[in-house]
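Survey of secondary and tertiary structure
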Amino acid sequence: MDRTPPAPAPEVVARPWFLRLASRVVASGTTGVAVLAAIGWDDDGQPVLSWPRLGWSMLGMAVALTVGYLGSRPRVQVDPAGVLVVNLIGGRHVPWSAVRAVRLDGTRCARLQTVGGAELRLDAVRRIDREYATDAVTRLRDLLAASRARGS
């Protein structure tokens, strides 16, 4: 019985450092405010829980979860077949044969240039992350060169 080896797991090349940190801080702060908003005090200084306060608190928790999720979503994954770009909204897999270059110049985010002339923004590689962003772009360029050397 022939067994084929499993396909290699995709490698995560980049995740936004500052965006994840900022979203976690905002989500934590929103959670704290939501918990405090749920508690009210009566004239005697005793805590009182009411349905309207609880409703606003739940809304705050939903905002915190959304911010936390969106901050952790962007990433760039590579596998032998190509690059998977997951941005804040949407994602796209680009085969190595369709990638022309990876740029990080003057814009807020790195860009993946395709052979067809289109540019795909990489939300996971942001200029504000400085060395992390340049390392990610260098790594992507090295992987692009390796895929071209393989002839894929």
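Here, the structure is the one placed above.
First, a word on what this report is: a plain description of the structure on this page. (Residues numbered from 1 in each chain as written. Predicted model: local features only at pLDDT ≥ 70, side-chain atom pairs only at ≥ 80, totals over all residues. Heavy atoms only, no water.)

Description of the side chain of Arg-73
Position of Arg-73 among the secondary structure elements: in the loop between helix H2 (51-72) and strand S4 (75-79). Within the buried set, Arg-73 has no salt-bridge partner at all; the shortest N-O distance to an opposite charge, 8.0 Å, is to Asp-123. Within the local environment of Arg-73, its side chain forms a polar contact with the backbone oxygen of Leu-88, the two atoms lying 3.1 Å apart. Sequence-distant contacts of Arg-73, defined by excluding residues within four places in its chain, comprise Val-86, Asn-87, Leu-88, Ile-89, Gly-90 and Gly-91. (Helix = DSSP H or I, 4+ residues; strand = E, 2+ residues; numbered from the N terminus. Buried < 20%, exposed > 50% of the residue type's maximum accessible area, 1.4 Å probe, protein only. Lys, Arg positive; Asp, Glu negative; His and termini not counted. Salt bridge = Lys/Arg side-chain N within 4 Å of Asp/Glu carboxyl O. Polar contact = N/O pair within 3.5 Å; in protein donor to acceptor, adjacent residues only side chain to side chain. Contact = heavy atoms within 4.5 Å.)

So, the sheet that holds strand S9 (residues 119-126)
With antiparallel pairing, three strands are arranged side by side in an open sheet as S7-S8-S9. Both edges of this open sheet fall to strand S7 (99-103) and S9, since each of them pairs with a single strand only. With direction set aside, neighbouring strand axes in the sheet form an average angle of 25°. With five bridges joining them, strand S8 (residues 109-114) and S9 adopt antiparallel strand pairing. Its bridge partner being in S9, Cys-109 is matched across the sheet by Arg-126. (Pairing = 2+ DSSP bridges. Axes fitted to C-alpha atoms, helices over the stretch in contact; angles between N-to-C directions.)

Concerning the sheet that holds strand S6 (residues 91-95)
A sheet is described by the order of its strands in space; here four strands give the open sequence S1-S4-S5-S6, paired in antiparallel fashion. Strands at the two margins of the open sheet, each flanked by one partner only, are strand S1 (11-14) and S6. The sheet shows a mean angle of 25° between the axes of neighbouring strands, direction not considered. As paired strands, strand S5 (residues 82-86) and S6 are joined by five bridges and run antiparallel to one another. Counterpart to Val-85 in the pairing with S6 is Arg-92. Lying on the sheet, helix H3 (residues 131-150) is in contact with S1 and S4; it crosses S1 at an angle near 130°.

Some words on the nonpolar core
Counting residues in hydrophobic clusters, the biggest one holds 23 residues, and the most contacted among them are Val-76, Leu-112, Leu-122 and Val-125. Elements with a contribution of two residues or more to this core: S1, S4, S5, S7, S8, S9 and H3. Looking at this core, the element that brings in the most residues is H3, giving six residues. Beyond its immediate sequence surroundings of up to four residues, Val-76 is in contact with Glu-11, Val-12, Val-13, Ala-14, Val-83, Leu-84, Leu-122, Ala-124, Val-125 and Leu-140. (Core = buried A, V, L, I, M, F, W, Y, C linked by side-chain atoms within 4.5 Å.)

Remarks on the environment of Asp-79
Relative to the elements of secondary structure, Asp-79 occurs in strand S4. Among the residues examined, Asp-79 registers a relative accessible area of 24% and is labelled partly exposed. Considered as a pair, Asp-79 and Pro-52 are 27 residues apart in the sequence and their alpha carbons are 50 Å apart. Side-chain polar atoms of Asp-79 contact the backbone nitrogen of Gly-82, separated by 2.8 Å.

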